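Breakdown of the fold
One letter stands for each residue in the lines below.
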Amino acid sequence: MIAFDVLKSWPGISEAPAEELFAHPAWAMPCQWGDERCLLRRAAAKPRDVIGIAITLDDDPHFLGLGNRETFPDLHDLWARKAELPSALILAIIEKECGDLLQMIENVARRQVGVTGLDDPEKRSGAIAFEVVSLADGSIRASFVLDVKPSMSRTFGQLRFLDVGHESLRGMTRPARAVYATFDLPPEDAAGIAAGDYLMLPEIESGAGGEWMCAFPDDGRFRVVSRNVAELTFASLTDGNMPSLPVPGELELFRGSKVAARGRFKELCSRSAFVVEEVL
């Protein structure tokens, strides 16, 4: 199955609000760093020492705290003496070396970025930590903090920005049932199902038709399903590495999304069958 299609129907994730999606450990927003494809991720910790930069996003004031990285060679070389340097010099170096960072912020925020001056580095305490990670080699291109306001959280907090390969998603589980047979019945046969009836299951003998399902559609079809529930991981569903179906035992007969009857597996004249014990 396509991983994103599985994610779109995953309970607790598909309907999560933007703020929760943005705060999810798997959040990773594709971005460009110059000509390089990267991911913008939330960092585990804020840089302890930043250069505070006052910026605007479409004229809305924001705080940007730039962390020390060799990506910015002149700033890196002068970092230890930055408190002694004139603000105009630091701003000139930022203009020279941080174009890729500012352009990346502009692109992901969908707002025009402007630099208005330096700012108090202590504002880092109220900002969110980010890192720009190269897709080519996994190296970190930039570490920074940015005060993210609710409108920007809604821009960032989209389901499509969750990395389906992240372990926090791959380890998720949801209940599923083994489906041994799926079939249609004429209306008169469906209405006449009674305790003691045998429904033959050639699908079990042929090995066809068996599957795991986490939910049953309201399609009116009949499904012979295990009463026992298993927990399947997101990884097993997306990788196609599904566990084998258990040997049929206690069963339920679903019609669409509702249980129509209960019973058990039995062999009748060496043929596989579902024997109805209770009609609901």
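Reference entry: report on the structure contained in this document. Predicted, not measured: the structure shown is a model, and the values here were computed from it.

Attention now moves to the packing of aromatic side chains. Scanning the entire structure with this criterion turns up 11 aromatic pairs. Judged by centre distance (5.1 Å) and plane angle (80 degrees), the ring pair of Phe22 and Trp27 falls under edge-to-face. When sorted by exposure, Phe22 lands in the same class as Trp27, which is buried. For the ring pair Phe216 and Phe254, a centre distance of 4.5 Å and an interplane angle of 40 degrees mean the geometry is tilted. Of the two residues, Phe216 is situated in the loop between β10 (211-213) and β11 (222-226) and Phe254 in strand β13 (residues 250-255); the sequence distance between them amounts to 38 residues. A single burial state applies to Phe216 and to Phe254, both of which are buried. In textbook terms, an aromatic cluster arises when at least three aromatic residues are bridged by ring pairs, as seen for Phe22, Trp27, Phe130, Phe144 and Phe156. Sitting above the plane of the Phe22 ring, Arg42 keeps its charged end 4.4 Å from the centroid. Across the ring face of Trp10, the terminal group of Arg174 is positioned such that the distance to the ring centre comes to 5.3 Å.

The strand order β1-β2-β6-β7-β4-β3-β5 describes an open sheet built from seven strands, whose pairing is antiparallel. Strand pairing shows two members of the sheet lacking a second neighbour, β1 (28-33) and β5 (113-118), which therefore form its edges. Across the sheet, the mean angle from the axis of one strand to that of its neighbour is 35 degrees, orientation sign disregarded. Where strand β3 (residues 50-57) meets strand β4 (residues 60-67), eight bridges bridge the pair, whose relative direction is antiparallel. Paired with Thr56 across the bridge in β4 is Pro61. Along the sheet, helix α4 (residues 87-97) makes contact with β3 and β5, crossing β5 at roughly 155 degrees. Packing of helix α5 (residues 99-109) onto the sheet brings it into contact with β1, β2 (36-42), β3, β4, β5, β6 (128-134) and β7 (140-146), and relative to β1 it is tilted by some 135 degrees.

Calculation rules
- Residues numbered from 1 in each chain as written.
- Predicted model: local features only at pLDDT ≥ 70, side-chain atom pairs only at ≥ 80, totals over all residues.
- Heavy atoms only, no water.
- Phe/Tyr/Trp six-rings, centres within 6.5 Å; stacked < 30°, edge-to-face > 60°.
- Buried < 20%, exposed > 50% of the residue type's maximum accessible area, 1.4 Å probe, protein only.
- Helix = DSSP H or I, 4+ residues; strand = E, 2+ residues; numbered from the N terminus.
- Lys NZ or Arg CZ within 6 Å of the ring centre and 35° of its normal.
- Pairing = 2+ DSSP bridges.
- Axes fitted to C-alpha atoms, helices over the stretch in contact; angles between N-to-C directions.
- Contact = heavy atoms within 4.5 Å.

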